[in-house]
Amino acid sequence: MGAVLGDGRPPAVTEPAAPVTELSALQLLRSRGRLRGVLALLGPAFVAAVAYIDPGNFATNFTAGARFGYTLAWVIVVANLMAMLVQYLSAKAGVATGRDLPELCREHLPRPVSRGLWVQAEVIAMATDLAEFVGAAVGLNLLFGVPLFPAGLITAVVAFGILGLEQRGYRRFELAIVGLLCIVVLGFLYDLAVVGADPVGVADGMVPGLAGNDSLLLVAGIIGATVMPHVVYLHSALTKARVACRDDAERHELLRFQRLDVVVGLGAAGVINLSMLVIAASLFNRTGHADVDSIEAAHAGLGRLVGGGAALAFAVALLASGLSSSSVGTYAGQVVMQGFIRRRIPLFVRRGLTMLPALLVLGLGLPATDSLVVSQVVLSFGIPFALVPLLLLTRRVDIMGSFVNRRATTAAAGGIAAVIIVLNVYLLYVTFLG
């Protein structure tokens, strides 16, 4: 017989407790609320965006605006749209595979090809460091009168400090970079408000056109300064393990937020780049100062024609840009070496090697702005070596699974690569045979 209670009733049957389902990392972040949950998932594209407004952009955009007015404004817009697609593909590769682009190249491409890509990536890293260190050094010089060579060394120390935050969690590093990015944004918003712009001129500048062969070098420089090869590698590393996903459904959800991240982060970078050209066109080209072809001359012109506040905002933005982008560049260099050849060398050794050309430029007193423009042209030649492997890998179902590129995406990315390659070949022809 079954047991009964004192009042003759049988004891209640206790149902087994339902298993408690532990929330995934993505669900935990989303549970913070509508706004906080979204903000917690943003960040990688803002780190990448820093490279799109580095001192090389200051040099190319201000030179283009001063020499040719609003004529090349369309180049900045097109380059920024290119960058959005490229960075989205890189972010998608990291989310879908759990690998960064250098790792995918090592695993799926022939060994000689992978090693060759690594060698050219290291050369590109030196060109990147040249722009970032020279720009930050010029910023320190303009603000505090620090000689350029010591200013370059100071930049290295500060960059190491910012990068050290990454060892304590990715979020601290991202917030530091976003903070510096905000300084750049505020600096140029102030200058744009003071200088003003010609809406008709800006609209005319959106119609594609060139101002002769002389403008072609700047077109290549603007694209090289906007679509940055090293952050094509880096973006996949920033997304590959940032949020652990249980299955493809969560990865697709995460990818939607990465798409938003790219649009907002790189959209902000595009606005800053366009504001640089607009300021130069409105202030220098319109007033007959088209010979302003250096960062120092742009700073002096802002102070002389507008006032000390505008010049100060420019110098502070330049310094913040150089410091943040140099930190991101160092991070990207580690990703490249570890991914391609599975090697890590001490950060100080690596940084010393890649910053050597920049210190030579500063130590020898070579023209800073000319060096920056040339570095951006070198970067433009490096873009296909990052973009073509990214395109080939993300179109493969065996690698990407349900995240494989659509045909339209592959066609658009292929068109971007073709335009950049043709532009570089034509630039070589004009430079050496034209």
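Small disclaimer: the values here were computed from a predicted structure and weren't measured. (Residues numbered from 1 in each chain as written. Predicted model: local features only at pLDDT ≥ 70, side-chain atom pairs only at ≥ 80, totals over all residues. Heavy atoms only, no water.)

Undergrad: Mind showing me how you'd approach the overall build of the protein chain here?
TA: Helices and strands together make up the secondary structure of the protein chain, namely 20 helices and zero strands. Dimensions along the principal axes, computed over C-alpha positions, put the protein chain at roughly 105 × 50 × 45 Å. Across the 434 residues of the protein chain, 54% fall into the buried class. Sequence separation of 24 or more characterises 84% of the internal contacts of the protein chain that already satisfy a separation of 6 or more. Total accessible area on the protein chain is roughly 18500 Å²; 66% of this is exposed by carbon and sulfur atoms. Counting 31 positive and 26 negative side-chain charges, the protein chain places the averaged centre of each group 7 Å from the other. (Helix = DSSP H or I, 4+ residues; strand = E, 2+ residues; numbered from the N terminus. Buried < 20%, exposed > 50% of the residue type's maximum accessible area, 1.4 Å probe, protein only. Contact = heavy atoms within 4.5 Å. Areas by Shrake-Rupley, 256 points an atom, 1.4 Å probe, with all protein chains shown as cover. Lys, Arg positive; Asp, Glu negative; His and termini not counted. Charge placed at Lys NZ, Arg CZ, Asp CG, Glu CD.)

Undergrad: Quick question: what am I supposed to make of a nonpolar patch on the surface here?
TA: Taken together, the side chains of Y190, V194, L305 and V306 make up a nonpolar region of the molecular surface, amounting to roughly 300 Å² of accessible area. Along the polypeptide, V306 turns up in the loop between α14 (295–305) and α15 (308–341). (Patch = residues over 30% accessible without salt bridge, like charges linked within 9 Å, V, L, I, M, F, W, Y side chains within 5 Å. Salt bridge = Lys/Arg side-chain N within 4 Å of Asp/Glu carboxyl O.)

Undergrad: Even after reading the chapter, I still don't get the packing of helix α9 (residues 170–195) against α15, so can you show me in this structure?
TA: Two quantities define a packed helix pair, namely the angle between the axes and the distance from one axis to the other. At a closest axis distance of 8 Å, the pairing of α9 and α15 adopts a crossing angle of 155 degrees. By the angle between their directions, the pair α9 and α15 is classed as roughly antiparallel. The way α9 lies across α15 gives a crossing that is left-handed. Contact with α9, carried on its side by F173, I177, L180, I183, V184, G187, F188, Y190 and D191, involves G309, A310, A313, F314, V316, A317, A320, S321, S324, S327, V328 and Y331 of α15 and no other residues of that element. By residue class, the composition of the contact of α9 with α15 is 15 nonpolar, five polar and one charged. (Axes fitted to C-alpha atoms, helices over the stretch in contact; angles between N-to-C directions. Parallel < 35°, antiparallel > 145°, perpendicular 65-115°, else oblique. Left-handed = near helix turned anticlockwise from the far one by under 90°. Nonpolar A, V, L, I, M, F, W, Y, C, P; charged D, E, K, R; others polar.)

Undergrad: Teacher, can you tell me more about helix α2 (residues 34–41) here?
TA: Helical periodicity: at 3.6 residues per turn, an α-helix aligns residues three or four positions apart in one direction. Residues of α2 that are buried include every one of G37, V38, A40 and L41, and no others. Taken around the axis of α2, the buried residues stretch over an arc of 160 degrees, which confines them to a single face. Across from the buried face of α2, at angles greater than 90 degrees, the exposed residues are L35 and R36. Packed against the buried residues of α2 are α1 (25–30), α3 (44–51), α9 and α13 (248–285). (Arc of directions from axis to C-beta.)

Undergrad: Which parts of the structure should I look at to understand the pattern of salt bridges?
TA: Counted according to the given criterion, the structure contains nine salt bridges. Two residues, R106 and E107, come together in a salt bridge whose shortest N-O distance is 3.8 Å. Overall, the relative accessible area of 21% leaves R106 in the partly exposed class. Within the structure, one salt-bridge network assembled from shared partners comprises R99, R106 and E107.

Undergrad: How should I be thinking about the nonpolar core in this particular structure?
TA: Grouped burial of nonpolar side chains is what soluble globular proteins tend to show. Core analysis: the largest hydrophobic core is formed by 143 residues, its most contacted members being F62, L72, F188 and L234. Leave out the neighbours within four places in its chain, and L234 touches V47, V328, Y331, A332 and V335. (Core = buried A, V, L, I, M, F, W, Y, C linked by side-chain atoms within 4.5 Å.)

Undergrad: Quick question: what am I supposed to make of the environment of A151 here?
TA: Checked against the element boundaries, A151 lands in helix α8 (residues 148–164). Between the C-alpha atom of A151 and that of V138, which follows or precedes it by 13 residues, the distance is 7.7 Å. If we ignore the near neighbours within four places in the chain, the residues touching A151 are A137, L140 and V146.

Undergrad: Can you help me understand the environment of I279 in this one?
TA: Checked against the element boundaries, I279 lands in helix α13. A C-alpha to C-alpha distance of 7.3 Å links I279 and G196, two positions 83 residues apart in sequence.

Undergrad: Just checking my understanding: could you explain the environment of L234 for this structure?
TA: Tracing the sequence through the fold places L234 in helix α12 (residues 229–239). Residue classification places L234 among the buried positions, given a relative accessible area of 0%. Separated by 139 residues in sequence, L234 and V95 place their C-alpha atoms 13 Å apart.

Undergrad: Before we go on, may I ask you to explain the packing of aromatic side chains in this structure?
TA: In the structure shown here, the tally under the stated rule is seven aromatic pairs. Centroid distance F62 to F188: 6.2 Å. Interplanar angle 45 degrees. Geometry classified as tilted. Placement of F62 in helix α4 (residues 55–68) and of F188 in helix α9 is noted, with a sequence separation of 126 residues between them. Owing to a relative accessible area of 1%, F188 belongs among the buried residues under this scheme. Put simply, the rings of F58, F62, F188 and F314 pair up and form one aromatic cluster. (Phe/Tyr/Trp six-rings, centres within 6.5 Å; stacked < 30°, edge-to-face > 60°.)

Undergrad: I'm lost on unusual backbone geometry in this one. Help?
TA: Glycine aside, a negative phi is what most residues show, and trans is what most peptide bonds show. A positive phi angle, near 55 degrees, is found at R342, a position not held by glycine. Of note, R342 is situated in the loop between α15 and α16 (347–354). Among the residues examined, R342 registers a relative accessible area of 59% and is labelled exposed.

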